[in-house]
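Listed below, chain by chain, are the residues.
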Amino acid sequence: MLKTHNCGELRPKDDGMQVVMAGWVHRRRDQGGVIFIDLRDRWGITQIVVNQETAPQAHQTASEVRNEYVIQVKGVVRVRPEGTANPELETGEIEVAAQELEILNRAKTPPFYINKNEKIDEVVRMKYRYLDLRRPQMQRNIVLRHKIVKFIRDYLDERGFVEIETPILFKTTPEGARDFLVPSRLLPGHFYALPQSPQQLKQLLMVAGYERYFQIARCFRDEDLRGDRQPEFTQLDLEMSFVEREDVMDLIEGLMTELTIKVAGKTPRFMPFPRLKYYDALDRYGSDKPDLRYDIEAVDVTDIAGKSAFPVFVNNAAEGKPVRVLRAPGMARELSGTALRRVTEELEQMAKAEGARGLAWMALPANESDEVKGPIGKFFTVEQKAELFERLGAEPGDLLLFMSDTREVVWAVTDRLRRHIAERLGLADPEQIAFCWVIDFPMFHWNEEEQRWDPSQHMFTLPVPEDIPLLDTDPGKARGSQYDLVCNGYEVAGGSIRIHDRAIQEKIFPLIGQTMERAREQFGHMLEAFEYGTPPHGGIASGIDRLAMVLAGEPNIREVIAFPKTQSGADIMAHAPSVPEPSQLEELHIRVVLEPEKKPQP
RNA sequence: GGGGACGUGGUGUAGCGGUUAACAUACUGCCCUGUCAAGGCAGAGAUCGCGGGUUCGAACCCCGUCGUCCCCGCCA
């Protein structure tokens, strides 16, 4: 080894020890006769002191050193002189007095700062990703990700799970996202598909009797990117036999709780995790993946508003449309009349963007004696207002936002305004971790265009046992055994108990517009497998990238992926995707036909 | 497929019809023996993403294009 110690481990107890260290020059401070070098490696930073009098040779070399040079230092650990310790550094109480210093490799001036946390253009970051990844913040993220995966593997191994790899070259699936296709050379005109998830295979592993399977699996979906979505991503995929919904949820809840505490060093806001029914989540938070780091929620006031003199509310209430209120705590307190109007106009624009006709509001005065402000105050009697404020828990300075429309529109507005208020009031703390479960999803959503039911999850999802009879009578009311795990407003896991009973499976297919014949074409291998003794089973899949992002407190999934794609799906560093050689295409029996305006730039 | 924001020395920003294109930092050289965002002095570095247009004159206005990011659609 070219080093005896790393840059994060030396302490005052090591005083006098002879050491060899190597790493990158984080910063150099040249005082003339003495040069300080902050030497950095993956484990931390240690100050190196090079003195002209005691080590003239090393001092000469140190004066040539620049940021990001790779150097090796031989020297002695010593406690820093009185008053020169640096409390910002973990190793700040000691330093290494250099005897010899060698430049192992010089470095060009980096295109951006490695030693500062400054915003950098994404193009530059991605082009020099290897330098971006050298930044301590990124190293922290990537190491955290490793620890998450390691913890998961150990946790599941201890509980009898077996990690089994499944193919990357697999078969296209008709449902779900767009597939990435891979041409077959040996079978001209045939294509593999990269797996969107190992869903089918893990169920087959249950048929195969492994009972407890998991995999840290790479998955691929050819859809447009988002801040929390990449075309290739990593899932914790797992499946268990002889289990019910509670068993899978308990396992994952335990795993996530320990992961948060032991690996991320944070405390989940809720233990145990709250369980929200799908429609309750929508009614209260406007979303099936609510951010529960803050408590703002929509409160139904249809009964009170329906008795007011405000025609819109009265009419809507009569038509069965809800009136719900979001209370933005203290948001009106600091605002003058003009500022308040500007804020409410902005909020109304957002509401309209989500399909609302308008947005009514009341601003509670900071002083009890002043009048309630806002255009609809006059339509409510003093008693009605008192009842409203009581139900909402309203306090002086609060801004109350009234939403009334169809249930769906109110959901969309609730979600949008709730997020906005939280952002404005700084309620979404990236250091907070708030998990919750969402359960009781409807089995199906009505597809108006196709005049049929679409499965909410996938077609092997079992209804909750008591709703099985509804498949025959009222499929829209049937709830699936699906469970989603949500954290800080992101869906971080989702799964279900699967159908292992052929009779139930045969009821599902016609409902979703699948004939048994077509199902056999596409899922014949599955249906056949299920005829050979299938245990009741269920599982879950968790997006590791998203989970790591949330646990790291990062706002974007790219921050926890070593080599991510840009929003257009490109790798700027390696220039992928690229135009292949004609000979490669020929071997694959592929001819590329481009619209004239879409010629690739070589 | 659609909406929005951004693109100015290496990096981060300012400038928004006439400026010698400004500031910070990084970079280069010199000085400096207790710094830690070291400091001081001096210096180099930008045809303002690209193309076209309007104008006496464009970093600035208009159109197009490329790229990045955020969002809708899409996606479990």
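Basis of the calculations
- Residues numbered from 1 in each chain as written.
- Chains lettered and ligands numbered in written order.
- Predicted model: local features only at pLDDT ≥ 70, side-chain atom pairs only at ≥ 80, totals over all residues.
- Heavy atoms only, no water.
- Near = heavy atom within 4 Å.
- Polar contact = N/O pair within 3.5 Å; in protein donor to acceptor, adjacent residues only side chain to side chain.
- Helix = DSSP H or I, 4+ residues; strand = E, 2+ residues; numbered from the N terminus.
- Nonpolar A, V, L, I, M, F, W, Y, C, P; charged D, E, K, R; others polar.
- Expected span 1.5 Å × (residues − 1).
- Bend = angle between axes of the 7 residues up to and from the residue.
- Buried < 20%, exposed > 50% of the residue type's maximum accessible area, 1.4 Å probe, protein only.
- Contact = heavy atoms within 4.5 Å.
- Lys, Arg positive; Asp, Glu negative; His and termini not counted.
- Salt bridge = Lys/Arg side-chain N within 4 Å of Asp/Glu carboxyl O.
- Axes fitted to C-alpha atoms, helices over the stretch in contact; angles between N-to-C directions.
- Parallel < 35°, antiparallel > 145°, perpendicular 65-115°, else oblique.
- Left-handed = near helix turned anticlockwise from the far one by under 90°.

When you look at the protein's contact with RNA strand B in this model, what are you seeing that I'm missing?
By nearness alone, 50 residues border RNA strand B, and T84, Y113, E223, S456 and N556 come closest of all. R66 is positioned with one of its side-chain polar atoms (N or O) 3.1 Å from a phosphate oxygen of RNA strand B. One nitrogen or oxygen atom from the side chain of K116 is found 2.9 Å from a sugar or linking oxygen belonging to RNA strand B. Of all the secondary-structure elements, those providing two or more residues to the surface near RNA strand B are β1 (18-30), β2 (34-41), β3 (44-51) and α2 (122-127). When grouped by side-chain class, the residues that make up the surface near RNA strand B number 11 nonpolar, 18 polar and 21 charged.

How should I be thinking about helix α15 (residues 516-529) in this particular structure?
Residues lying three or four places apart along an α-helix face the same way, a consequence of the helix completing one turn every 3.6 residues. Here α15 contains 14 residues, and its C-alpha end-to-end distance of 15 Å is more than 12% below the 20 Å for a straight helix at 1.5 Å per residue. The sharpest bend along α15 reaches about 95 degrees and sits at F523. Among the residues of α15, A519, Q522, F523, G524, M526, L527 and A529 are the ones counted as buried. Against the buried residues of α15 lie α5 (199-207) and α14 (502-511).

Would you explain helix α12 (residues 407-424) in this entry?
Between its first and last C-alpha, α12 extends 25 Å over 18 residues, near the 26 Å set by a 1.5 Å rise per residue. For α12, the set of buried residues is V409, V410, W411, V413, T414, L417, R418, H420, I421 and A422. Of the surrounding secondary structure, the elements contacted by the buried residues of α12 are α7 (278-285), β13 (323-328), α10 (337-353) and β15 (399-404). In the segment just after α12, G426 is the residue with positive phi, at about 65 degrees.

Got a minute to help me understand the side chain of D571 in this structure?
Here D571 is to be found in the loop between α16 (544-552) and α17 (582-587). Buried charged residue D571 carries no salt bridge. Nearest counter-charge: K565, at 5.3 Å. Within the structure, D571 has its side chain in polar contact with the backbone nitrogen of M573 (distance 2.9 Å). Within polar-contact distance, the side chain of D571 engages the backbone nitrogen of A574 at 2.9 Å. If we skip the residues at most four places from it in the chain, D571 touches K565 and A576.

When you look at the packing of helix α4 (residues 136-158) against α16 in this model, what are you seeing that I'm missing?
The packing of two helices is summarised by the inter-axis angle and the distance between the axes. Interhelical geometry of α4 versus α16 gives an angle of 120 degrees and a closest axis separation of 10 Å. Comparing the axis directions of α4 and α16 gives the class oblique. You can see that α4 and α16 cross each other, and the crossing is right-handed. In this structure, α4 uses R140, N141, L144, R145, I148, V149 and I152 to contact α16, whose residues at the interface are I544, D545, L547, A548, L551 and A552. A class-by-class count of the residues in the contact of α4 with α16 yields 9 nonpolar, 1 polar and 3 charged.

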